[in-house]
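# A closer look at the structure
Now for the letters of each chain:
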Amino acid sequence: MASLFKKKIECLKGIGEKRAELFHNLSVYSVGDLIRYYPRNYEDWSSPTPIKEAEIGINVCIRATVGTAFKVGFARGSGKMICKAMAYDDSGAVTLLYFNNKYISQMIKQNEEYFFFGKITQAKSGLQMIAPTFAKVSDGTSIHPIYPLTAGLNNRIVTDAVKNALDLLPEKVNDPLPQWIRDKYNLQSLDYAIRKIHFPLDSDELYTSRRRLVFEELLVLILGLKFLKSNTKEENGIVLQKNYTDEFLSMLPFNLTNAQKRTIDDCLNDMMNKRSPMNRLVQGDVGSGKTAVASAVAYSVIKNGYQVAFMVPTEILAQQHYESISKLLENTDIKVDLLTGSLTPKNKKLAREKLASGETNLVIGTHALLTKDTEFKSLALAITDEQHRFGVGQRSTLLSKGNHPHLLVMSATPIPRTLGLIIYGDLDISIIDELPPGRQVIDTLLIDGKKRARALGFIKKNVEEGHQCYIVCPLVDESENQMLNLHSAEMYAETLRNHTDFQNINVGLIHGKMKPADKEKVMNDFKDNKIQVLVSTTVIEVGVDVPNANIIMIENAERFGLSQLHQLRGRVGRGSEKSYCILVSDNTTHDTIKRLETMKRTSNGFEIADEDLKLRGPGDFFGEKQHGLPEMKIADLGNMEDLNEAQMCAEEILKKSSDLSEDEYKGIKAEINQLFGRVGGESLN
Ligand code: ADP
Ligand code: MG
């Protein structure tokens with residue numbers, strides 16, 4: 001099998017240079033790639049419908065004998081060539097029609113029996129089927145693969161190419177999974193699975209071959225990630241001499257929760273008592289107080305004489321952290337600085353000089369920290385906030401700025417546990433599973449546009465009592481509103497400002513198209529309660545912390561993912577005031593309502609993430625390709641059962657062999673290299 005990955009697809013019958021290029025669009029270059037190019041779906045032809053019982057206008061499969069030879073004619077008007085033949089079964093007959101297909105009479109022969117798949121329509125002359133797909137009954141397969149396609153390649157071309165590719169397989173394909181694993185987990189051989197996944201005879205064969213391939217793919221992924229982890233374990237980290245946490249806590253205006261304390265202990269233990277650098281993920285729901293944890297950990301590192309970098313995904317967040325941490329450390333000798341893309345070139349240069357000279361102890365910044373000209377004198381700890389917004393690559397770029405610095409990544413986007421273990425497989429995990437005391441449950445309401453006026457009245461009342469409010473719209477301005485009929489922040493703010501009820505209320509506007517300095521001013525005014533109602537886009541989604549805000553109203557709520565809504569909702573309920581999240585949607589489809597009802601039902605981020613994953617699939621769940629994982633060919637990262645099983649097996653294998661050096665794991669190792677080689681990861685030797 002391995003050698004087939006070296007064989008170009010051009011060697012297959014029917015694939016010339018041009019067609020090969022089309023296959024390249026599907027990332028299929030070799031025969032091996034093609035064999036691993038699995039169907040996206042199947043048409044079940046296993047129980048054909050009698051012609052007479054077929055429903056008109058719906059795809060059906062019939063099993064019929066071709067009764068006449070194809071007759072060629074030309075359509076009146078268009079002049080299209082039409083080939084016509086009659087096919088029958090015990091119940092009735094149907095006319096087959098193909099247009100502009102000279103070869104059809106060579107492919108479908110009189111007196112032979114075929115499966116035909118397509119829609120049956122009622123013409124004046126009787127039942128007909130236009131250009132149905134077909135297969136000879138004597139060829140046996142009755143479940144037909146449907147492949148993901150690209151312009152210029154149809155399903156038949158891909159199917160034929162796959163058939164030819166499978167013919168090149170050796171009599172017995174070597175199996176990368178040792179026999180004991182196949183026995184224990186009840187898995188088919190690769191030989192069987194690879195053939196049957198394309199051409200199963202029944203649903204049973206399809207199920208067992210799919211299960212085997214999914215298992216293998218996840219196992220290879222999980223083992224590969226575990227190896228990335230053990231690679232970094234071999235490096236020597238910077239060992240801290242002293243723990244300054246108590247000193248830091250005495251400056252904090254509140255007492256930490258036990259979960260926060262435990263997390264800080266985990267980190268200090270990593271940095272003081274271990275040879276290898278810390279590699280830790282802190283996962284805590286919105287509002288659980290991750291910033292305080294990061295600050296405490298940074299404090300000890302700085303007091304031990306080193307520098308710390310704190311990277312966040314947005315300018316607003318950088319600014320906010322910079323201000324709150326500077327204030328907290330105001331009576332210490334620690335120098336905090338800010339480095340973001342929006343600084344003037346002169347200030348950026350200055351900030352970088354202070355980092356290189358060691359004058360700055362703690363820098364808070366955005367992606368600007370990653371550029372080549374950012375150098376540190378003695379970086380010992382890299383922190384990333386809202387990790388899901390960064391790729392695995394960016395994390396390591398930040399790390400490369402120091403000599404094996406410690407790494408602390410923080411995320412609020414809860415990822416179901418098993419998936420989290422896989423994505424962050426190279427990290428140890430601390431979970432902050434406790435909110436600071438005094439927080440109240442946020443009331444979540446789902447309303448339609450007719451109740452908007454009432455909701456605005458409720459907001460007005462709360463503002464008059466001294467509170468503040470966010471209103472979130474999906475669009476920035478009307479130019480984005482191409483017939484979608486969605487709310488734009490600009491228009492919304494304008495409308496509110498002209499609203500008689502809002503004359504004594506300051507309505508602010510913030511969105512991603514504004515200049516950073518303007519955004520900063522608006523955020524500061526909101527924080528200082530100079531603005532009471534802030535109309536915004538999702539720029540406030542992550543991290544923003546204004547405890548006096550107690551209402552968030554989200555327009556066109558159906559446009560947002562559940563995890564995103566959960567993040568947005570996390571902007572309120574950060575103080576001890578009763579808080580509200582008002583979801584507005586006029587979309588009444590069953591799916592939307594079901595999704596939004598989830599938000600009412602639970603405030604548990606993990607549960608919401610699970611639901612989101614189920615409803616939308618992992619692709620959408622992560623927005624873009626933000627998890628930095630290689631693309632899966634058949635496995636669904638949202639399927640927890642499959643993940644759990646593969647995870648269990650991976651652990652079992654590693655217990656038997658920590659480096660997979662035994663011969664029986666040669667095949668798995670080759671697959672790990674292939675999977676991670678493609679995403680530019682290091683390869684296993
Ligand atoms: P997140 O985990 O979402 O990043 P933050 O770090 O922004 O949360 O903290 C949310 C709010 O809770 C902030 O206003 C912060 O000052 C406050 N906070 C954090 N920890 C505690 C605590 N132990 N007791 C009281 N308030 C806290
Ligand atoms: Mg935060």
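- As recorded in an unreviewed UniProt entry, the protein chain goes by the name ATP-dependent DNA helicase RecG, listed as coming from Ruminococcus bovis.
- Recorded under Sequence similarities (unreviewed entry), the UniProt text for the protein chain is reproduced unchanged: "Belongs to the helicase family. RecG subfamily."

### Brief notes about the overall build of the protein chain
- Helices and strands together make up the secondary structure of the protein chain, namely 22 helices and 22 strands.
- Counting over 685 residues, the protein chain shows a buried share of 52%.
- Sequence separation of at least 24 residues holds for 72% of the intrachain contacts in the protein chain that already meet a minimum separation of 6.
- As presented, the protein chain carries roughly 32,200 Å² of accessible surface, and 48% of it is formed by carbon and sulfur atoms.
- Across the protein chain, 85 positive and 88 negative side-chain charges occur, with their mean positions spaced 3 Å apart.

### Topic: the pairing of strand 15 (residues 406-411)
- Within strand 15, six of the six residues are buried, leaving the element largely enclosed by the surrounding structure.
- Where burial is concerned, the two faces of strand 15 agree: the one with His406, Leu408 and Met410 and the one with Leu407, Val409 and Ser411 are both buried.
- Both strand 10 (residues 279-284) and strand 15 contribute to a ladder of five bridges, which runs parallel. By the bridge assignment for strand 15, Arg280 is matched with Leu408.
- In the sheet, strand 14 (residues 379-384) pairs with strand 15 via four bridges, with the strands oriented parallel. Looking at strand 15, one finds that Ile383 is bridged to Leu408.

### Details of the sheet that holds strand 15
- The seven strands lie next to each other as 12-13-11-14-15-10-16, forming an open sheet whose pairing is parallel. Of all the strands in the sheet, just strand 12 (336-339) and strand 16 (428-432) have a single pairing partner and so form its edges. Each adjacent strand pair in this sheet contributes to an overall mean axis angle of 20°, direction not counted.
- Contacts between helix 11 (residues 315-328) and the sheet are confined to strand 11 (307-311), strand 12 and strand 13 (362-365), with strand 12 contributing the most and set at about 175° to the helix.
- Lying on the sheet, helix 12 (residues 345-357) is in contact with strand 11, strand 12 and strand 13; it crosses strand 12 at an angle near 135°.

### A few points about the site of ligand 1
- Not every one of the 17 residues close to ligand 1 is listed here, only the nearest: Gly287, Thr291, Arg439, Asp545 and Arg574.
- In the model, a nitrogen atom of ligand 1 is placed 2.8 Å from a nitrogen or oxygen of the Asn255 main chain.
- Contact between ligand 1 and Arg439: an oxygen atom at 2.7 Å from a side-chain N or O atom of the residue.
- For ligand 1, whose unbound accessible area comes to 560 Å², protein coverage reaches 85%.
- Residue composition of the shell around ligand 1, by class: five nonpolar, seven polar and five charged.

### Quick look at helix 9 (residues 258-273)
- Relative to the 22 Å expected for 16 residues at 1.5 Å per residue, helix 9 spans 22 Å between its end C-alpha atoms, a close match to the ideal helical length.
- Those residues of helix 9 not exposed but buried are Ala259, Gln260, Thr263, Ile264, Cys267, Leu268, Asp270 and Met271.
- If you follow the buried residues of helix 9, they end up packed against helix 8 (245-249), strand 10, helix 10 (290-303), strand 15 and strand 16.

### Concerning the pairing of strand 7 (residues 126-130)
- With three bridges joining them, strand 5 (residues 93-99) and strand 7 adopt parallel strand pairing. Among the inter-strand pairings, Leu96 is bridged to a residue of strand 7, identified as Met129.
- Across four bridges, strand 6 (residues 113-123) lies against strand 7 in antiparallel orientation. Across the sheet, residue Ile120 finds its bridge partner in strand 7, namely Met129.
- With antiparallel pairing between neighbouring strands as the criterion, strand 6 and strand 7 make up a hairpin whose turn holds two residues.

### Comments concerning the side chain of Arg36
- By secondary structure assignment, the location of Arg36 is in the loop between helix 2 (31-35) and strand 1 (41-44).
- At 2.9 Å, the side chain of Arg36 and the side chain of Tyr38 are in polar contact.
- Within the local environment of Arg36, its side chain forms a polar contact with the side chain of Glu671, the two groups lying 3.2 Å apart.
- For Arg36, the contacting residues outside a window of four places in its chain are Met1, Phe5, Leu190, Ile194, Leu213, Glu216, Lys633 and Glu671.

### Let's talk about the packing of aromatic side chains
- In the structure shown here, the tally under the stated rule is eleven aromatic pairs.
- Cluster of aromatic residues (ring-pair linked, three or more members): Phe70, Tyr98, Tyr114, Phe116 and Phe134.
- The positively charged end of Arg156 is found above the aromatic ring belonging to Phe134, 4.5 Å away from the centroid.
- The ring centre of Trp180 lies 4.4 Å from the NZ or CZ of Lys656, which sits over that ring.

### Some thoughts on the domain arrangement of the protein chain
- Its domain assignment divides the protein chain into domain 1 (1-39 + 142-171), domain 2 (47-141), domain 3 (172-234 + 639-685), domain 4 (238-432) and domain 5 (443-602).
- Taking only C-alpha atoms, the centre of domain 1 and the centre of domain 2 are 28 Å apart.
- Summing both sides of the interface, domain 1 and domain 2 together bury roughly 380 Å²; the carbon and sulfur share of this comes to 51%.
- Of all residues in domain 1, Ser142, His144 and Arg156 bury the most surface against domain 2, accounting for 92% of the area lost on that side.
- The tally of links between domain 1 and domain 2 comes to zero salt bridges.
- Put simply, domain 1 and domain 2 have one residue pair in polar contact (both at pLDDT 80 or more) between them.
- The residue makeup of the side of domain 1 that touches domain 2, split by class, is one nonpolar, two polar and one charged.

### Brief notes about the environment of Ile51
- Topologically, Ile51 is positioned in the loop between strand 1 and strand 2 (59-66).
- Sequence spacing of Ile51 and Ala87 is 36 residues, and the spatial spacing of their C-alpha atoms is 9.7 Å.

### Examining the side chain of His321
- Position of His321 among the secondary structure elements: in helix 11.
- Each residue touching His321, except ones within four places of it in the same chain, is listed here: Thr291, Phe310, Val312, Ser326, Ile364 and Asp385.

### A short note on the nonpolar core
- Phe23, Leu34, Ile35, Leu219, Ile653 and Ile668 are the most contacted members of the largest nonpolar core, which has 86 residues in total.
- Beyond its immediate stretch of four places on either side in the chain, Ile653 contacts Trp180, Ile181, Leu219, Leu223, Leu660, Tyr665 and Ile668.

### Overview of the pattern of salt bridges
- Scanning all chains against the criterion turns up 29 salt bridges.
- For the salt bridge of Lys578 with Asp443, the shortest nitrogen-to-oxygen distance reads 3.7 Å. Pair noted here: Lys578 is in the loop between helix 18 (562-569) and strand 22 (580-584) and Asp443 is in strand 17 (residues 443-447), with a separation of 135 residues, a long-range link.
- Overall, the relative accessible area of 24% leaves Lys578 in the partly exposed class.
- Asp525 serves as the salt-bridge partner of Lys521, at 2.8 Å between the closest nitrogen and oxygen. You can see Lys521 and its partner Asp525 sitting in helix 17 (residues 516-527), four residues apart, about one turn around the helix.
- Relative accessible area serves as the criterion here: at 14%, Asp525 is assigned to the buried category.
- Connected via shared salt-bridge partners are Arg36, Asp175, Arg182, Arg212, Glu216 and Glu671.

Conventions we followed
Residues numbered from 1 in each chain as written. Chains lettered and ligands numbered in written order. Predicted model: local features only at pLDDT ≥ 70, side-chain atom pairs only at ≥ 80, totals over all residues. Heavy atoms only, no water. UniProt positions renumbered as here; feature names shortened; annotations may be inferred. Helix = DSSP H or I, 4+ residues; strand = E, 2+ residues; numbered from the N terminus. Buried < 20%, exposed > 50% of the residue type's maximum accessible area, 1.4 Å probe, protein only. Contact = heavy atoms within 4.5 Å. Areas by Shrake-Rupley, 256 points an atom, 1.4 Å probe, with all protein chains shown as cover. Lys, Arg positive; Asp, Glu negative; His and termini not counted. Charge placed at Lys NZ, Arg CZ, Asp CG, Glu CD. Pairing = 2+ DSSP bridges. Axes fitted to C-alpha atoms, helices over the stretch in contact; angles between N-to-C directions. Near = heavy atom within 4 Å. Polar contact = N/O pair within 3.5 Å; in protein donor to acceptor, adjacent residues only side chain to side chain. Nonpolar A, V, L, I, M, F, W, Y, C, P; charged D, E, K, R; others polar. Expected span 1.5 Å × (residues − 1). Phe/Tyr/Trp six-rings, centres within 6.5 Å; stacked < 30°, edge-to-face > 60°. Lys NZ or Arg CZ within 6 Å of the ring centre and 35° of its normal. Domains from an automatic or database assignment. Buried area = accessible area lost by both parts, 1.4 Å probe. Salt bridge = Lys/Arg side-chain N within 4 Å of Asp/Glu carboxyl O. Core = buried A, V, L, I, M, F, W, Y, C linked by side-chain atoms within 4.5 Å.

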